[in-house]
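# Secondary and tertiary structure notes
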Amino acid sequence: MIMPRGSDQLLLPVNPVFLWFTLVMALLLNMVPLGPHPALPDLVALVLVFWNVHQPRRVGVIAAFVFGLLVDVHQGALLGQHALAYTLLSFLAITIHRRVLWFSLAEQVLHVLPLFAAAHLVTLLVRLAAGDGLPGWSLLLAPVAEALLWPVASWLLLAPQRRPPDPDENRPL
C-alpha cells in the first residue's frame, strides 16, 4: 500500500478475516430497520469503497456485485439495482485508488464524494426506469453523509493495522 505523504507510521498487513468481517458488519448494520429514509448513508458502499481503495486485490468488483445482490434481496429492491451501483462504485474506486492514497483525509473526502454520488445516481436511474417516483431532495444528503464518514471509516478500519509490532532488538523498525 502506498503511504500518504507526511505519514511516519508503517501499517501492518491487513488481516483478511478482519477485512471480510467489516464488510459483513456493514451489511448487517444496513439491515437495521430504521425505516426507508433516502438520506441514510449506505455503510456497505462506504466500507466497500474503503477496501477497494486500500486493498484493491482483495476486494474487487465481484465482491461488490455479491454484496449488491444481498442488499437488493434484503431491501426488496429491483434485483440488480444495488449490484449495478456497487459494481460501478467498486470499479471507479479501484481506478483511482493509487491517486487517492497520496492525499490527506480531507482531500480524500473530495475524491470519494463523486463516487458515492455516481452510485446513488445509478440507483435513482434504475428506480426511475422501473417506474418509481423521485424520493425527494433528501437523496442528495446520502452521498455527502457517506463522504463525511470517510475519515471515521479510515480511522476505524486502519486501527488494527496501526498496532506496533513486537519490539525486537535485532530489528530497529
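Residues numbered from 1 in each chain as written. Predicted model: local features only at pLDDT ≥ 70, side-chain atom pairs only at ≥ 80, totals over all residues. Heavy atoms only, no water.

### Quick notes on the nonpolar core
- Among the nonpolar cores identified, the biggest contains 38 residues, and Leu23, Val49, Trp51, Phe116 and Trp150 are the most heavily contacted of them.
- Among the elements of the structure, α1 (16–30), α2 (43–54), α3 (61–75), α4 (81–95), α6 (105–129) and α8 (150–158) are those that each provide at least two residues to this core.
- Among the elements that line this core, the one with the most residues is α2, at nine residues. (Core = buried A, V, L, I, M, F, W, Y, C linked by side-chain atoms within 4.5 Å. Buried < 20%, exposed > 50% of the residue type's maximum accessible area, 1.4 Å probe, protein only. Helix = DSSP H or I, 4+ residues; strand = E, 2+ residues; numbered from the N terminus.)

### Considering the UniProt feature "transmembrane region" (unreviewed entry) in the protein chain
- Following the UniProt record, the feature "transmembrane region" (unreviewed entry) maps to residues 12–32, 83–102, 109–130 and 136–158 here.
- Secondary structure across residues 12–32 divides into 71% helix and 0% strand, with the first and last C-alpha atoms of the span separated by 32 Å.
- The distance separating the terminal C-alpha atoms of residues 83–102 is 29 Å; by composition the span is 85% helix and 0% strand. (UniProt positions renumbered as here; feature names shortened; annotations may be inferred.)

### Some thoughts on the packing of α2 against α8
- Interhelical geometry of α2 versus α8 gives an angle of 65° and a closest axis separation of 10 Å. Here α2 and α8 pass one another in a crossing that is right-handed. In this structure, α2 contributes Leu46, Val47, Val49, Phe50, Trp51, Val53 and His54 to the contact, and α8 contributes Trp150, Ala153, Ser154, Leu157 and Leu158. (Axes fitted to C-alpha atoms, helices over the stretch in contact; angles between N-to-C directions. Left-handed = near helix turned anticlockwise from the far one by under 90°. Contact = heavy atoms within 4.5 Å.)

### Overview of the environment of Leu115
- Within the element layout of this structure, Leu115 appears in helix α6.
- The exposure class assigned to Leu115 is buried, which follows from its relative accessible area of 7%.
- Spatially, the C-alpha atom of Leu115 lies 6.0 Å from that of Leu89, the residues being 26 residues apart in sequence.
- Sequence-distant contacts of Leu115, defined by excluding residues within four places in its chain, comprise Val49, Leu89, Leu92, Ala93 and Ile96.

### Here's the deal with the packing of α2 against α4
- Closest axis-to-axis distance for the α2/α4 pair is 8 Å, and the angle between their directions is 30°. One element, α2, and the other, α4, form an angle in the roughly parallel class. Crossing geometry of α2 relative to α4 is assigned as right-handed. Residues Val44, Ala45, Leu48, Val49, Asn52 and Val53 of α2 pack against Tyr86, Leu89, Ser90, Ala93 and Ile94 of α4.
- In the contact of α2 with α4, the residues fall into nine nonpolar, two polar and no charged. (Parallel < 35°, antiparallel > 145°, perpendicular 65-115°, else oblique. Nonpolar A, V, L, I, M, F, W, Y, C, P; charged D, E, K, R; others polar.)

### Quick word on a nonpolar patch on the surface
- A grouping of Phe21, Val24, Met25 and Leu28 is seen on the molecular surface, where their side chains present a nonpolar patch of about 350 Å² in accessible area.
- Structurally, the position occupied by Val24 is in helix α1.
- Taking the relative accessible area as the measure of exposure, Val24 reaches 39% and is therefore partly exposed. (Patch = residues over 30% accessible without salt bridge, like charges linked within 9 Å, V, L, I, M, F, W, Y side chains within 5 Å. Areas by Shrake-Rupley, 256 points an atom, 1.4 Å probe, with all protein chains shown as cover. Salt bridge = Lys/Arg side-chain N within 4 Å of Asp/Glu carboxyl O.)

### Structural notes on the pattern of salt bridges
- In the structure shown here, the tally under the stated rule is one salt bridge.
- Residue Asp132 is joined to Arg127 by a salt bridge in which the shortest nitrogen-to-oxygen separation is 3.0 Å.

### Details of the packing of aromatic side chains
- Within the structure shown, the criterion is met by three aromatic pairs.
- Taken together, a centroid distance of 6.3 Å and an interplanar angle of 85° make the contact between Phe18 and Trp51 edge-to-face. Placement of Phe18 in helix α1 and of Trp51 in helix α2 is noted, with a sequence separation of 33 residues between them.
- The class for Phe18 is partly exposed, based on a relative accessible area of 23%.
- With 4.9 Å between their ring centres and 75° between their planes, Phe50 and Trp51 make a pair best called edge-to-face.
- Classification of Trp51 by relative accessible area gives buried; the value is 0%. (Phe/Tyr/Trp six-rings, centres within 6.5 Å; stacked < 30°, edge-to-face > 60°.)

### With respect to the side chain of Ser90
- On the secondary structure map, Ser90 appears in helix α4.
- You can call Ser90 buried: its relative accessible area is 0%.
- Within the local environment of Ser90, its side chain forms a polar contact with the side chain of Asn52, the two groups lying 2.9 Å apart.
- When residues no more than four places from it in sequence are discounted, the contact partners of Ser90 are Asn52, Gly60, Val61 and Ala64. (Polar contact = N/O pair within 3.5 Å; in protein donor to acceptor, adjacent residues only side chain to side chain.)

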